[in-house]
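If you want the building blocks of each chain, they are given just below.
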Amino acid sequence: QVQLVESGGGLVQAGGSLRLSCAASGNIFSINNINAMGWYRQAPGKQRELVAAITSGGSTNYADSVKGRFTISRDNAKNTVYLKMNSLKPEDTAVYYCAAKKVLFASYDYWGQGTQVTVSS
């Protein structure tokens, strides 16, 4: 089993920046089987959406709404994935969730508890 713990959320003014962190812990064999990690977000009254993802090979993809503003990265030694968010907009306000999966083209297997990001105008 793998546990994911997010941190780094908070309140920021429009145009500001935040960096979210997602630390993975648990069974080392389960962690080693993770092939992709992603960040999702869910705003009130909206569906959860994929913001960014990164594979074990380093490939990344982003939602169109965050391209050029958000960057996903990883630190394998720390089993941690980051989401650097720049030029934040009020519409980025949401609960951000970290997720991990073993199979690239399958659903995510593990989820964090979420961290709130609020962008004021």
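Since this is a predicted model, take the numbers as computed values, not measurements.

Thresholds applied
Residues numbered from 1 in each chain as written. Predicted model: local features only at pLDDT ≥ 70, side-chain atom pairs only at ≥ 80, totals over all residues. Heavy atoms only, no water. Pairing = 2+ DSSP bridges. Helix = DSSP H or I, 4+ residues; strand = E, 2+ residues; numbered from the N terminus. Axes fitted to C-alpha atoms, helices over the stretch in contact; angles between N-to-C directions. Salt bridge = Lys/Arg side-chain N within 4 Å of Asp/Glu carboxyl O. Buried < 20%, exposed > 50% of the residue type's maximum accessible area, 1.4 Å probe, protein only.

### Section: the sheet that holds strand β3 (residues 18–26)
Moving on, step 1. Reading across the sheet, the 4 strands line up as β1-β3-β8-β7 and stay open at both edges, with antiparallel pairing between neighbours. Single-partner strands in this sheet number two, and they are β1 (2–7) and β7 (70–75). Adjacent strand axes in the sheet meet at a mean angle of 15° when their direction is disregarded.
Moving on, step 2. The pairing of β3 with strand β8 (residues 80–85) spans 6 bridges and is classified as antiparallel. Looking across to β8, one finds that Ala23 is bridged to Thr80.

### Observations concerning the pattern of salt bridges
Moving on, step 1. Per the counting criterion, the structure on display carries 4 salt bridges.
Moving on, step 2. One salt bridge connects Asp64 with Lys67, and the closest N-O pair in it is separated by 3.1 Å.
Moving on, step 3. On the basis of relative accessibility, which here comes to 64%, the residue Asp64 falls in the exposed class.
Moving on, step 4. One salt bridge connects Arg69 with Asp92, and the closest N-O pair in it is separated by 2.8 Å. Of this pair, Arg69 sits in the loop between β6 (60–62) and β7 while Asp92 sits in the loop between β8 and β9 (94–101), placing them 23 residues apart in sequence.
Moving on, step 5. You can call Arg69 buried: its relative accessible area is 10%.
Moving on, step 6. Its relative accessible area of 1% is what places Asp92 among the buried residues.

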